[in-house]
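Letter by letter, the chains look like this.
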Amino acid sequence: ARRSEAESPIEGGLAWSLLSEPDSEGDRKQVAYSYEDTTHILAPAGSYLLTARFGNSYAESEVEIRAGETTEALLTFGAGTLVLDAVMTDGGEAASGKLAWKVFSPPDEEGKRKQVAYSYHDEPKFTLPSGDYEVELARGAASVTEGVAVRAGEPTRSTLNLNAGSWTGTAFLAESSPEPQAEGTFWRIFTLPDSDGKRKQIAYSYDPQPRFFLPAGPHTVSVECGAVTVERETFIAPGRLREDRTVLN
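Residues numbered from 1 in each chain as written. Predicted model: local features only at pLDDT ≥ 70, side-chain atom pairs only at ≥ 80, totals over all residues. Heavy atoms only, no water.

1. Quick look at the side chain of T220
Piece 1. Structurally, T220 can be placed in strand β16 (residues 217-225).
Piece 2. Assessed through its relative accessible area of 2%, T220 is described here as buried.
Piece 3. Polar contacts involving the side chain of T220 include one to the side chain of E233, which spans 3.0 Å.
Piece 4. When neighbours within four sequence positions are excluded, T220 is seen to be in contact with R188, I189, F190, L192, R199, E231, R232 and E233. (Helix = DSSP H or I, 4+ residues; strand = E, 2+ residues; numbered from the N terminus. Buried < 20%, exposed > 50% of the residue type's maximum accessible area, 1.4 Å probe, protein only. Polar contact = N/O pair within 3.5 Å; in protein donor to acceptor, adjacent residues only side chain to side chain. Contact = heavy atoms within 4.5 Å.)

What follows is the structure, encoded as structure tokens:
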């Protein structure tokens, strides 16, 4: 098998399956399988469906096996490679840690997409059939969606900009307290109120000194400790760490 007609046969990562002719209900039975690059299958004479998988790519071909003869098959995936990385701000260094990627298929006739791949690596690499995909990336409460085009036999590299920063905070019982409150704090991050006066919680933590990845812009921070609740406004700049000190009084 090969990725595209212009490429050499694939080495490594292939999964083959030889399926029987459909039965009366249209179902096929697997009669052989292999994970070799160039596979050799001995089977009774007859008609079969040969399938191959490579990464998220799939190919199949009808084959006829004749007694005493060798049938050769070459499957072409029409696949390309998609390599992704992320930045927190335009022109910033590559982000690392706590990244969650999802890849969605080209839209069907109803415009719906299906998730075809995911990864938690900093720089994931996917092998996909050629087509137009949608990539979703989340890091904490920050997220971004971008369309990418994969072409057969070609590498595609895309950098997604989260346009986000990070925030950390500490709570002190009083202005003069030498050490931050070590336990019993509950932190929440909210968006600013919308036109209806409603705001949305986008992150929370029980850590005494939490750290959140947040979309750039203004947010409301709420910290609870026992019967005390204090709220404050904060602003997140892309690619920057914001540190806030909150006094519970």
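2. Considering the sheet that holds strand β9 (residues 131-139)
Piece 1. Read across the sheet, four strands follow the order β7-β6-β9-β10 without closing on themselves; strand pairing throughout is antiparallel. Single-partner strands in this sheet number two, and they are β7 (115-119) and β10 (142-150). When the angles between neighbouring strand axes are averaged without regard to direction, this sheet yields 20°.
Piece 2. Pairing of β9 with β10 involves nine bridges; the strand directions are antiparallel. For D132, the partnering residue across the bridge sits in β10 and is A149. (Pairing = 2+ DSSP bridges. Axes fitted to C-alpha atoms, helices over the stretch in contact; angles between N-to-C directions.)

3. Looking at the nonpolar core
Piece 1. Within the largest apolar cluster, 22 residues are counted, with the highest numbers of intra-cluster contacts made by L82, W101, V135 and L137.
Piece 2. Elements supplying a minimum of two residues to this core: β5 (79-87), β6 (100-104), β8 (125-129), β9 and β10.
Piece 3. When residues of this core are assigned to their parent elements, the largest contribution, four residues, is made by β10.
Piece 4. With 16 residues, the next largest nonpolar core counts L18, L50, V63 and F77 among its residues. (Core = buried A, V, L, I, M, F, W, Y, C linked by side-chain atoms within 4.5 Å.)

4. Quick word on the pairing of strand β17 (residues 228-236)
Remark: a regular strand shows side chains that alternate across the two faces of the sheet.
Piece 1. Judged from the nine bridges that link them, β16 and β17 form a sheet pairing that is antiparallel. When the bridges of β17 are listed, S222 appears paired with E231.
Piece 2. Linking two consecutive strands that pair antiparallel, namely β16 and β17, is a turn of two residues; a positive phi of about 65° is found at G226 within it.

5. A look at the environment of N161
Piece 1. One can find N161 in strand β11 (residues 155-161).
Piece 2. Remark: the alpha-carbon pair of N161 and G91, spanning 70 residues in sequence, is separated by 8.9 Å.
Piece 3. Once residues lying within four places of it in the same chain are set aside, the contact partners of N161 are V87, M88, T89, D90 and V144.
Piece 4. Of the polar contacts made by the side chain of N161, one reaches the backbone nitrogen of T89; its length is 3.5 Å.
Piece 5. A polar contact of 2.9 Å, which involves the side chain of N161, links it to the backbone nitrogen of N163.

6. Topic: the layout of surface pockets
Piece 1. A volume near 620 Å³ is recorded for the largest pocket.
Piece 2. Taken together, 25 residues form the lining of the largest pocket, with T39, H40, I41, T71 and E72 sitting closest to its centre.
Piece 3. For the lining of the largest pocket, the secondary structure elements donating two or more residues are β1 (14-19) and β4 (57-65).
Piece 4. Looking at the lining of the largest pocket residue by residue, the class counts come to 15 nonpolar, six polar and four charged.
Piece 5. If you trace the second largest pocket, you find 15 residues lining it, with M88, E93, A95, R139 and G239 closest to the centre.
Piece 6. Residue assignment for the lining of the second largest pocket shows that the elements contributing at least two residues are β12 (164-172) and β15 (211-215).
Piece 7. In terms of residue class, the lining of the second largest pocket is built from five nonpolar, six polar and four charged. (1 Å grid on protein atoms, 1.4 Å probe; cavity = no way out; pocket = protein on both sides within 12 Å on 5 of 7 lines; lining within 4 Å. Points joined across faces, edges and corners; volume = space filled by probe spheres on them. Nonpolar A, V, L, I, M, F, W, Y, C, P; charged D, E, K, R; others polar.)

7. Details of the packing of aromatic side chains
Piece 1. If you walk through the whole model with that rule in mind, you get seven aromatic pairs.
Piece 2. Where Y33 meets Y35, the ring centres are 6.0 Å apart and the plane angle is 65°; that geometry is what we call edge-to-face. As far as burial versus exposure is concerned, Y33 and Y35 are alike and both exposed.
Piece 3. Where F54 meets F77, the ring centres are 6.1 Å apart and the plane angle is 35°; that geometry is what we call tilted. Of this pair, F54 sits in strand β3 (residues 46-54) while F77 is found in the loop between β4 and β5, placing the two residues 23 residues apart along the sequence.
Piece 4. The class for F77 is buried, based on a relative accessible area of 7%.
Piece 5. Among the aromatic residues, those joined into a cluster by ring pairs are W167, W187 and F212.
Piece 6. Its guanidinium or amino end placed over the ring of F172, R245 lies 3.9 Å from that ring's centre, counting from NZ or CZ. (Phe/Tyr/Trp six-rings, centres within 6.5 Å; stacked < 30°, edge-to-face > 60°. Lys NZ or Arg CZ within 6 Å of the ring centre and 35° of its normal.)

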